Amino acid sequence: HNSGGILQSKNKIEEAKTYLLKALHFYPENSMYLGSIIQLELAQKNIPEAQKLLDQFTETKENENERVFFQGMIRFAENKNEEGLELYQKSWATDPSEIVAEALLQYYQKNEMQKEVESFLSDWSKKLPKSYRAALLQAVSAQNSKKPDQAIAWYEKAVEISPSSAIALNNLAWLYYEKKDPRAEALAKRAAQLAPSA
């Protein structure tokens with residue numbers, strides 16, 4: 001019975017691939033579709049297939065940076081981590097984006113490179129000042145390092161960028177509460193209203 005389930009999920013992947021390939025055919029300049037297919041191929045360990053897709057993708061000045069990032073994904077799948085990291089860093093330096101930031105941060109965290117995590121977080125918030133993720137991660141990092149004032153400043157920024165973030169509101173309310181700040185109660189209420197009821 002179970003093999004049916006495996007087959008079905010395999011079919012779903014094939015269906016997804018067919019859909020994405022069609023989309024890519026109609027929107028050849030849309031690298032989001034390409035990235036999704038490459039990820040599907042890599043998840044199935046089809047590394048040569050992923051490389052072939054990337055090589056066939058029409059190179060333009062606009063998508064050059066995404067190509068560098070996708071090539072990095074493929075290098076990581078081949079366990080060529082140093083090359084992968086270099087490509088991610090090159091992509092980040094050329095044109096910083098949230099997707100590359102997440103990938104770099106994940107790499108540094110996975111390899112317990114705490115110094116790199118900290119300096120990268122600071123770089124992320126400088127290069128993408130409107131990034132909610134960067135502000136939130138900075139806040140959590142400051143909170144974990146027992147730096148409440150820094151944490152408050154970053155949570156305030158996160159709330160400013162994304163006013164309906166229950167996590168940021170809740171954590172900020174708690175830090176306010178610890179500092180006997182009267183704003184704590186109103187924030188906690190706002191967080192409670194936004195949090196999905198468990």
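Cut-off values and rules
- Residues numbered from 1 in each chain as written.
- Predicted model: local features only at pLDDT ≥ 70, side-chain atom pairs only at ≥ 80, totals over all residues.
- Heavy atoms only, no water.
- Axes fitted to C-alpha atoms, helices over the stretch in contact; angles between N-to-C directions.
- Helix = DSSP H or I, 4+ residues; strand = E, 2+ residues; numbered from the N terminus.
- Parallel < 35°, antiparallel > 145°, perpendicular 65-115°, else oblique.
- Left-handed = near helix turned anticlockwise from the far one by under 90°.
- Contact = heavy atoms within 4.5 Å.
- Nonpolar A, V, L, I, M, F, W, Y, C, P; charged D, E, K, R; others polar.
- Buried < 20%, exposed > 50% of the residue type's maximum accessible area, 1.4 Å probe, protein only.

Here the focus is the packing of helix H3 (residues 47-56) against helix H4 (residues 64-77). Running from N to C, H3 and H4 point in directions that differ by 170 degrees, and their axes come no closer than 10 Å. Looking at the two axes, H3 sits roughly antiparallel to H4. Seen along the crossing, H3 lies across H4 with a hand that is left-handed. Only Arg67, Phe70, Gln71, Ile74, Arg75 and Ala77 of H4 make contact with H3, whose side of the interface consists of Ile47, Ala50, Gln51 and Leu54. Its residues placed into classes, the contact of H3 with H4 shows six nonpolar, two polar and two charged.

The subject of this paragraph is the side chain of Gln51. As for its placement among the helices and strands, Gln51 is situated in helix H3. Judged by relative accessible area, which is 17%, Gln51 ranks as buried. If near-sequence neighbours (up to four positions away) are discounted, Gln51 is found in contact with Gln71, Ile74 and Arg75.

Although it is not a glycine, Lys45 adopts a positive phi angle of roughly 65 degrees. Structurally, the position occupied by Lys45 is in the loop between helix H2 (31-43) and H3. The class of Lys45 is exposed, set by a relative accessible area of 67%. Phi is positive for Lys180, close to 55 degrees, though the residue is something other than glycine. Turning to its location among the elements, Lys180 is positioned in the loop between helix H10 (166-178) and helix H11 (184-194).

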